Amino acid sequence: MYVAVKGGETAIARSWDLLAARRRGDEAVPELSLAQIRQQLRLAVHRVMQEGSLYDEELAALALKQAAGDAMEAVFLLRAFRTTLPRLATSLPLDTSAMRVARRVSGTFKDVPGGQILGPTADYTQRLLDFSLAEPAATPRCELAEAPLPECLPSVLDLLAAEGLMEADLPPPDDPAPADLTREPLLFPADRPARLQNLARGDEGWLLGLAYSTQRGYAENHPFAGEIRMGEISVMLLPDELGFEIDIGAIVVTECQMINQFAGGPHAPPQFTRGYGLVFGESERKAMSMALVDRSLRAQELGESTGSPAQQAEFALCHSDSVEASGFVQHLKLPHYVDFQAELSLIRTLRAEHDRQQDAPHD
Amino acid sequence: MTEPFSPPSANLDDRWRYNFGFLDENTKRMLRRALLKAVAVPGYQVPFGSREMPLPYGWGTGGIQLTAAVIGHEDVLKVIDQGADDTTNAVNIRRFFARVAGVATTTVTRDATLIQTRHRIPETPLAEGQIMVFQVPEPEPLRTLEASEVETRKLHAHQEYGLMHVKLYEDIARYGHIATSYDYPVMVNRRYLASPSPIPKFDNPKLHRSPALMLFGAGREKRLYAIPPYTEVESLAFEDHPFEAQHWSQACALCGSSDSYLDEIIADDAGVRQFVCSDTDHCRQQREAAQ
Amino acid sequence: MMLHTGFKHPVDDAQRNFRALLEALSRPLQPRALPTLPPALPGLAAGTVALLYTLADQDVAVWLPDLPADTLATLRFHTGMTLAASPLAADFIVIPTGRALPALDALPAGEAEYPDRAATLIIETGAFHQCDVEASGPGIAAPLRFGAQGLPKDFWRQWQVNHARYPLGVDALLVADGVIAGLPRSVSVKEG
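Residues numbered from 1 in each chain as written. Chains lettered and ligands numbered in written order. Predicted model: local features only at pLDDT ≥ 70, side-chain atom pairs only at ≥ 80, totals over all residues. Heavy atoms only, no water.

Enquirer: I'm lost on the overall build of chain C in this one. Help?
Expert: If you tally the helices and strands in chain C, you get four helices and 10 strands. Taken from N to C terminus, the helices and strands of chain C fall in the order α-β-α-β-α-β-β-β-β-β-α-β-β-β. For 192 residues, the compact-globule formula gives about 16 Å, and the C-alpha radius of gyration of chain C, at 16 Å, lands near that figure. For chain C, the spread of C-alpha atoms along the three principal axes comes to 45 × 30 × 30 Å. Burial statistics for chain C: of 192 residues in total, 58% are counted as buried. For chain C, the proportion of contacts with a sequence separation of at least 24, taken over those separated by at least 6, is 62%. (Helix = DSSP H or I, 4+ residues; strand = E, 2+ residues; numbered from the N terminus. Rg over C-alpha atoms; globule rule 2.2 N^0.38 Å. Buried < 20%, exposed > 50% of the residue type's maximum accessible area, 1.4 Å probe, protein only. Contact = heavy atoms within 4.5 Å.)

Okay, structure coming up:
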């Protein structure tokens, strides 16, 4: 007798149990704590916060633990939780010049006011596996600088802007409230705030690949890393009922301001153009990629050709979201018996007709 | 429906942590307003602020959001995938609503007030007052012919559907048939070209002047649309190549039904095929009636 | 200033009223009662208030004529809606009993690529009857007769003009106390 190959509730229940057991692994090994994940897998936590667009290290660590380290799955878990949260208030725009920087470098000037600050970077480590990390060991002592860093570091690009060589970075006329892509669909043409918002939530691998393509001839960016800074920044609210600003806490962000060449035109003198990236946590790879893609998506506005993938907003933005992409690619796992049956019966019909024509005697 | 296991304790009691139907009231209102516009302009794709759901995009997030926006305590919910109530995704979605809305669920088509479906329309004729919610992966019927949303919007605005006619005609020139067997495009209310979702074209005629309200949700693509009851829904065709639904020379191996949509099963290692109803409720009813 | 009470069970009442509303628009000009009514507000019928509590929030602009301050304050309190300065800037346009109806062809009717960006009118009328027009369209199984007391004389002629620009056009909800009838732009009417 035919038995339907259709999963029931019991099968689903068993798969949950198996997943939980696999997540935990060998119980002889101590279980990971959220504090360990937050402290020792900090960059994974940051990536989950960025693409999950929710700044909460504890929840991001929980998501990573639940997802057994699968970053995209963790992003998805965080997003699905985020969407249920009430919106209590809107913060004031971040002022990144007031960032308490932990790192700040410019690729365009040998020295800049406030100095180049290398900070905690893996850039100049020799990528040799450090076998001493294989066993617990004492933390190396960290010597502090003699003088504290300045409270406020002006942006390198502002110095060029003062000379008139950098395009102005002004809000659009009337300074309309930016779209909120967590509550409204992305529509085209998408303005720059909507594009930046999409990129900030976008998958790091997607952005990296697009950004890389612009450097290999698929767009014309001519970028220079004007300034990259990372550090802590206060989030401020201005509640109507108080009438003054309050500091509700600090977050770590990475900002990248790219300087790109632009020949000028009949209406504008030659000046550099901007590409901008800003992400939660520490991730220069993501912030730099975002800045490159932001600039290439401005191609139409700046009168450049728009033939490359990274210049086409619909292509770049509609495919950037890992939660959307991962879901749709993997939905092919779901049963498609009905559609496949439809195709099967169609191809059999076509095939029968084809064979009949082949067999028919030719004139 | 019995609960063979209880959810892991980490989930606590979801009813205390989530609103009725999972979505917050603001999101429901946004969806409800969009649904009313969708009903007012049948077949037109209304953009909406789709939310992340606790189910992957592509697995029914659009359908779930629509169901969450309309469902109430008085509803009786049926969820099918491939026509069956017991496929894993259908089970999962039905459990989700039983959990976050506490509503009654059923597998019997005529007992349901609300039916969420992926890829099928039940064989039992639908009745007035019933609402069908379709899960839609790609709401834009022209997408494979024109990738840009800006361009397809213009084509709909001008009711310019030549691209689709050309495509179907090229099929005929090449194969002698229209080579689309599911997600077969329809004209709704003689105005908008629409995707019926990936139902087999066998089900297309059930959309025409149905007494039930049909709602379509595409979560990942953030679009929803509707076909009100008694609305003209015409499957595209040509005078010399009229629309034709699938039919089988076999009958269902379980119930003997000869007019339902059949799944093909490979029954043994020798590749012996069996055909059985895709609609499990219909199949059960036929067998019960025969006894 | 006095605030009036809203829905007794906000989540369930909004859901039940929405379902009635969805049915009303899906089956145009086939009246049905709203299942739960909040207290009426000075100047507005209970049915109108129920529709606003069901549909309005901070994301929509509602145009209302001059109404008592208590009414406006209560609506704002329960919905968070913003008040539109003119019907031309409104998502919902409320026409209480006896108030003038703006010319339909001047109201937001959507755009060719986004016909959903059109206004919805909530019009209070007297009792529904079957004397004014014969209607047909999606949601109507066979042409049906409909009428409503208190509509302006030229309303149905204006509606023909509204329907003629389909898929653009406004949509209307007719409210006779606690009974509603949906009138989406897809409905075509013949007078007499």
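Enquirer: Looking at this model, I keep getting lost on the overall build of chain A. Mind explaining?
Expert: Counting its secondary structure elements, chain A contains 12 helices and four strands. For 363 residues, the compact-globule estimate of 2.2 N^0.38 gives 21 Å, and chain A exceeds it by more than 25% at 26 Å. By its C-alpha atoms, chain A is 85 × 65 × 55 Å across when sized along the principal axes. Relative to its 363 residues, chain A shows a buried fraction of 38%. When the accessible area of chain A is evaluated, it comes to approximately 21500 Å², of which 58% is carbon and sulfur surface. (Areas by Shrake-Rupley, 256 points an atom, 1.4 Å probe, with all protein chains shown as cover.)

Enquirer: So what exactly am I meant to see when it comes to empty space enclosed by the protein here?
Expert: Rolled over the atoms, a probe as big as a water molecule pinpoints where empty space is left. Counted under the stated rule, the structure contains two cavities of 30 Å³ or more. Here the largest cavity is characterised by a volume of approximately 130 Å³. Broken down by secondary-structure element, the contributors of at least two residues to the lining of the largest cavity are α2 (61–70) and β8 (213–218) of chain B. Residue composition of the lining of the largest cavity, grouped by class: four nonpolar, nine polar and two charged. Space inside the second largest cavity adds up to approximately 100 Å³. Surrounding the second largest cavity, 13 residues form its lining, Tyr44(B), Arg153(B), His156(B), Tyr192(B) and Glu113(C) being those nearest its centre. In terms of residues, the lining of the second largest cavity owes the most to one element, helix α4 (residues 149–157) of chain B, which gives five residues. Residue classes in the lining of the second largest cavity are distributed as five nonpolar, four polar and four charged. (1 Å grid on protein atoms, 1.4 Å probe; cavity = no way out; pocket = protein on both sides within 12 Å on 5 of 7 lines; lining within 4 Å. Points joined across faces, edges and corners; volume = space filled by probe spheres on them. Nonpolar A, V, L, I, M, F, W, Y, C, P; charged D, E, K, R; others polar.)

Enquirer: Would you take a moment to explain the pairing of strand β12 (residues 273–277) of chain B for this structure?
Expert: Each regular strand carries side chains that alternate between the two faces of the sheet. Pairing of strand β11 (residues 262–266) of chain B with β12(B) involves five bridges; the strand directions are antiparallel. Each residue of the ladder has a partner; that of Glu264(B), found in β12(B), is Phe275(B). (Pairing = 2+ DSSP bridges.)

Enquirer: Would you mind showing me how to read the confidence of the model for chain C here?
Expert: Interpreting fine coordinate detail is not advised for predicted regions of low pLDDT. Overall, the predicted model of chain C reaches an average pLDDT of 96, with 100% of residues at or above 70. Across the assembled chains, the prediction reports ipTM 0.98 with pTM 0.91. (pLDDT = per-residue confidence, 0-100.)

Enquirer: How do you make sense of the sheet that holds strand β6 (residues 186–188) of chain B when you look at a structure like this?
Expert: Note on sheets: strands pair through backbone hydrogen bonds, and any given pair is parallel or antiparallel. Residues and elements named next belong to chain B. Taken together, three strands build an open sheet; the order of strands is β7-β6-β10 and the sheet is antiparallel. Two strands close off the open sheet at either side, each with one partner strand: β7 (192–194) and β10 (233–235). Taking each pair of neighbouring strands and ignoring which way they run, the sheet shows an average axis angle of 30°. The pairing of β6 with β7 spans three bridges and is antiparallel. Pairing of Val 186 across the sheet is with Ala 194, part of β7. (Axes fitted to C-alpha atoms, helices over the stretch in contact; angles between N-to-C directions.)

Enquirer: Quick question: what am I supposed to make of the sheet that holds strand β10 (residues 188–191) of chain C here?
Expert: Residues and elements named next belong to chain C. Ordered in space as β7-β6-β10, the three strands form an open sheet in which the pairing is antiparallel. Of all strands in the sheet, those with a lone pairing partner are β7 (144–148) and β10, marking the two edges. Each strand axis lies, on average, 55° off the axis of its neighbour in the sheet, ignoring direction. As judged from the five bridges shared by strand β6 (residues 128–136) and β7, these two strands associate in the antiparallel manner. Counted as the bridge partner of Glu 134 is Arg 145 from β7.

Enquirer: Can you help me understand the side chain of Arg143(B) in this one?
Expert: Turning to its location among the elements, Arg143(B) is positioned in the loop between β5 (131–135) and α4. The residues touching Arg143(B), leaving out its near neighbours within four places in the chain, are Glu138(B), Ser148(B), Glu149(B) and Thr152(B).

Enquirer: Help me out: how do you make sense of the environment of Arg32(C) in this one?
Expert: Residue and element names in this part refer to chain C. Mapped onto the elements, Arg 32 comes out in strand β1 (residues 32–33). Separated by 78 residues in the primary sequence, Arg 32 and Gly 110 have C-alpha atoms spaced 27 Å apart. When neighbours within four sequence positions are excluded, Arg 32 is seen to be in contact with Ala 20, Glu 23, Ala 24, Arg 27, Gly 178, Val 179 and Ile 180.

Enquirer: For this particular structure, what's the right way to read unusual backbone geometry?
Expert: Across residues other than glycine, the phi torsion is negative in most instances, and most of the peptide bonds are trans. With an omega of -5°, the peptide bond between Phe188(A) and Pro189(A) qualifies as cis. Along the polypeptide, Pro189(A) turns up in the loop between α6 (156–162) and α7 (192–201). Pro167(C) follows Tyr166(C) through a cis peptide bond whose omega is 10°. With respect to the helices and strands, the residue Pro167(C) is situated in the loop between α4 (155–164) and β8 (171–176). Even without a glycine there, the phi angle at Ser197(B) is positive, about 75°. Topologically, Ser197(B) is positioned in the loop between β7 and β8.

Enquirer: Looking at this model, I keep getting lost on the pairing of strand β2 (residues 223–237) of chain A. Mind explaining?
Expert: Residue and element names in this part refer to chain A. Both strand β1 (residues 100–105) and β2 contribute to a ladder of five bridges, which runs antiparallel. Each residue of the ladder has a partner; that of Val 101, found in β2, is Gly 231. When β2 meets strand β3 (residues 246–260), the two strands line up antiparallel, connected through 14 bridges. Looking at β3, one finds that Glu 232 is bridged to Val 252.

Enquirer: How do you make sense of the interface of chain A and chain B when you look at a structure like this?
Expert: In many reports, interface size means the accessible area that the parts give up when they come together. With 47 residues of chain A at the interface, the matching set in chain B holds 68 residues. Of the roughly 4800 Å² buried where chain A meets chain B, counting both sides, 62% is carbon and sulfur surface. Inspection of the region where chain A meets chain B yields four salt bridges. Glu52(B) is the salt-bridge partner of Arg79(A), the closest N and O atoms lying 2.7 Å from each other. (Buried area = accessible area lost by both parts, 1.4 Å probe. Salt bridge = Lys/Arg side-chain N within 4 Å of Asp/Glu carboxyl O.)

Enquirer: Just to check I follow, could you spell out the nonpolar core for this structure?
Expert: Side chains of nonpolar character tend, in soluble globular proteins, to be buried together. Counting residues in hydrophobic clusters, the biggest one holds 86 residues, and the most contacted among them are Phe97(B), Leu215(B), Leu224(B), Leu22(C) and Val62(C). If near-sequence neighbours (up to four positions away) are discounted, Leu224(B) is found in contact with Leu31(B), Ala34(B), Leu35(B), Ala38(B), Tyr44(B), Gln45(B), Val46(B), Phe48(B), Leu66(B), Phe216(B) and Gly217(B). Residues Ala61(C), Ile93(C), Ala135(C) and Ala148(C) belong to the second largest nonpolar core, which totals 32 residues. (Core = buried A, V, L, I, M, F, W, Y, C linked by side-chain atoms within 4.5 Å.)

Enquirer: Please clarify how the packing of aromatic side chains should be interpreted in this entry.
Expert: Residues and elements named next belong to chain B. A complete count under the given rule lists 17 aromatic pairs over all chains for this structure. On the basis of an interplanar angle of 90° and a centroid distance of 5.0 Å, the ring pair of Tyr 169 and Phe 238 is categorised as edge-to-face. Linking Tyr 169 in helix α5 (residues 162–175) with Phe 238 in the loop between β10 and β11, this pair joins segments that are 69 residues apart in sequence. On the numbers, 5.0 Å between centres and 75° between planes, the contact of Tyr 184 with Phe 243 is edge-to-face. Of this pair, Tyr 184 sits in the loop between α5 and β6 while Phe 243 sits in the loop between β10 and β11, and the two are 59 residues apart along the sequence. A residue is classified by how much of its surface remains accessible, and Tyr 184, at 1% relative accessible area, is buried. (Phe/Tyr/Trp six-rings, centres within 6.5 Å; stacked < 30°, edge-to-face > 60°.)

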